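Below, each chain spelled out in residue letters.
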Amino acid sequence: MIETVDVIKSFNDKLVLKGISTVFEKGRTNLIIGQSGSGKTVLLKSLVGLHDVTSGEIFYDGRSFNKMGRKDRKALRQEIGMLFQGSALFDSMTVEENVRFPLDMLTNQSLEEKTARVNECLDRVKLENANRKLPSEVSGGMQKRVAIARAIALNPQYLFCDEPNSGLDPRTSIVIDELIHEITHEFNMTTIVNTHDMNSVMGIGEKIMFIYEGEKHWEGTKDEIVHVQNEQLEDFIFASKLFQKVRENSK
Ligand SMILES: Nc1ncnc2c1ncn2[C@@H]1O[C@H](COP(=O)(O)OP(=O)(O)O)[C@@H](O)[C@H]1O
Ligand SMILES: [Mg+2]
């Protein structure tokens with residue numbers, strides 16, 4: 001479980017997050033939705049310490065992230081898996097080397113142990129016989145799977161995904177969403193997914209927070225979202241559906 005209390009983030013005099021208080025639940029896919037520029041990425045990066053918050057507190061299962069020293073933060077990083085925009089794989093490394101990277105960096109395991117773990121993770125995302133390929137030699141959907149395998153290599157308790165479906169066709173998007181949802185339950189992780197895709201919301205939105213211009217406007221479940229009355233959220237849902245229609249028609 002990750003809790004934020006009145007998180008404010010500004011860059012110079014530009015206020016981006018205007019006091020976000022919420023709880024991201026353990027063992028669930030927690031979605032952050034909102035239009036482009038609403039502050040989703042800034043929030044995710046603030047949670048993992050890639051941005052320093054201006055004020056407010058973040059708790060990882062009760063542990064104050066703000067109050068942690070460098071050593072504790074480094075230890076916490078090992079409990080975090082990240083899947084950031086794009087797949088962010090290393091182009092010159094093979095699939096296997098990409099997945100092994102966090103193990104090389106953060107563990108003292110032998111090559112044998114690491115290879116066994118890499119293969120477990122690649123199996124989990126249903127990627128077989130791809131170990132020796134380069135990212136450029138596999139499809140976009142497969143690259144995402146490699147990135148997921150890498151994100152779970154260290155058995156994280158927390159998984160952060162920023163727009164995991166960007167650049168994927170609708171069918172592959174569903175497969176990736178389902179995979180994220182399954183591993184969240186299987187490993188009882190606290191998973192946070194940024195998205196502006198209503199298909200993802202209705203597919204895996206166990207807990208949803210809608211942010212608008214850096215403020216939390218609504219939170220609830222996918223069953224509740226269909227009944228909600230909030231002008232900005234309704235606009236967001238409408239725009240998303242419209243976008244999907246345009247995308248479907250253009251195929
Ligand atoms: N490093 C930065 N410096 C200044 N402004 C930033 C920085 N990163 C993001 N922003 C601004 O913060 C706002 C929210 O951005 P972002 O979190 O990327 O939105 P989203 O992910 O919801 O599309 C945008 O107006 C963006 O320009
Ligand atoms: Mg973003």
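Our structure is the block above this text.
Now for a description of the structure that goes with this document. Here the structure is a predicted model, which means the values were calculated and not measured. (Residues numbered from 1 in each chain as written. Chains lettered and ligands numbered in written order. Predicted model: local features only at pLDDT ≥ 70, side-chain atom pairs only at ≥ 80, totals over all residues. Heavy atoms only, no water.)

Of note in this structure, Asp6 is not a glycine but carries a positive phi near 50°. Taking relative accessible area as the criterion, Asp6 reaches 40% and is therefore assigned partly exposed. Of note, the phi angle at Asn129 is positive, near 60°, even though the residue is not glycine. Secondary-structure assignment places Asn129 in the loop between helix 4 (111-124) and helix 5 (140-152). (Buried < 20%, exposed > 50% of the residue type's maximum accessible area, 1.4 Å probe, protein only. Helix = DSSP H or I, 4+ residues; strand = E, 2+ residues; numbered from the N terminus.)

A separate point is the environment of Lys67. Locating Lys67 in the fold gives a position in the loop between strand 5 (63-64) and helix 2 (70-77). Separated by 70 residues in sequence, Lys67 and Glu137 have C-alpha atoms that sit 44 Å apart.

This next bit is on the nonpolar core. Ranked by size, the top nonpolar core spans 40 residues in total, and within it Ile33, Val99, Ile148, Ile180, Ile225 and Leu233 carry the most contacts. Counting residues per element, this core draws most heavily on helix 5, which supplies 6 residues. Setting aside its immediate chain neighbours within four residues, Leu233 contacts Ile33, Phe210, Trp218, Ile225 and Val228. (Core = buried A, V, L, I, M, F, W, Y, C linked by side-chain atoms within 4.5 Å. Contact = heavy atoms within 4.5 Å.)

Moving on: the site of ligand 1. Ligand 1 sits among Phe11, Lys14, Val16, Gln35, Ser36, Gly37, Ser38, Gly39, Lys40, Thr41 and Val42. In the complex, 62% of the free accessible area of ligand 1, which totals 560 Å², lies under the protein chains. Contributing elements (two or more residues each) for the shell around ligand 1: strand 2 (14-24) and helix 1 (40-48). It is helix 1 that contributes the most residues to the shell around ligand 1, 3 residues altogether. Residue composition of the shell around ligand 1, by class: 3 nonpolar, 6 polar and 2 charged. (Near = heavy atom within 4 Å. Areas by Shrake-Rupley, 256 points an atom, 1.4 Å probe, with all protein chains shown as cover. Nonpolar A, V, L, I, M, F, W, Y, C, P; charged D, E, K, R; others polar.)

Its place among the elements puts Lys222 in helix 8 (residues 222-225). If we skip the residues at most four places from it in the chain, Lys222 touches Val201, Met202, Gly203, Gly205 and Ile208. Reaching out from Lys222, the side chain makes a polar contact with the backbone oxygen of Met202 at a distance of 3.5 Å. (Polar contact = N/O pair within 3.5 Å; in protein donor to acceptor, adjacent residues only side chain to side chain.)

These figures come from the coordinates and say nothing about function on their own.
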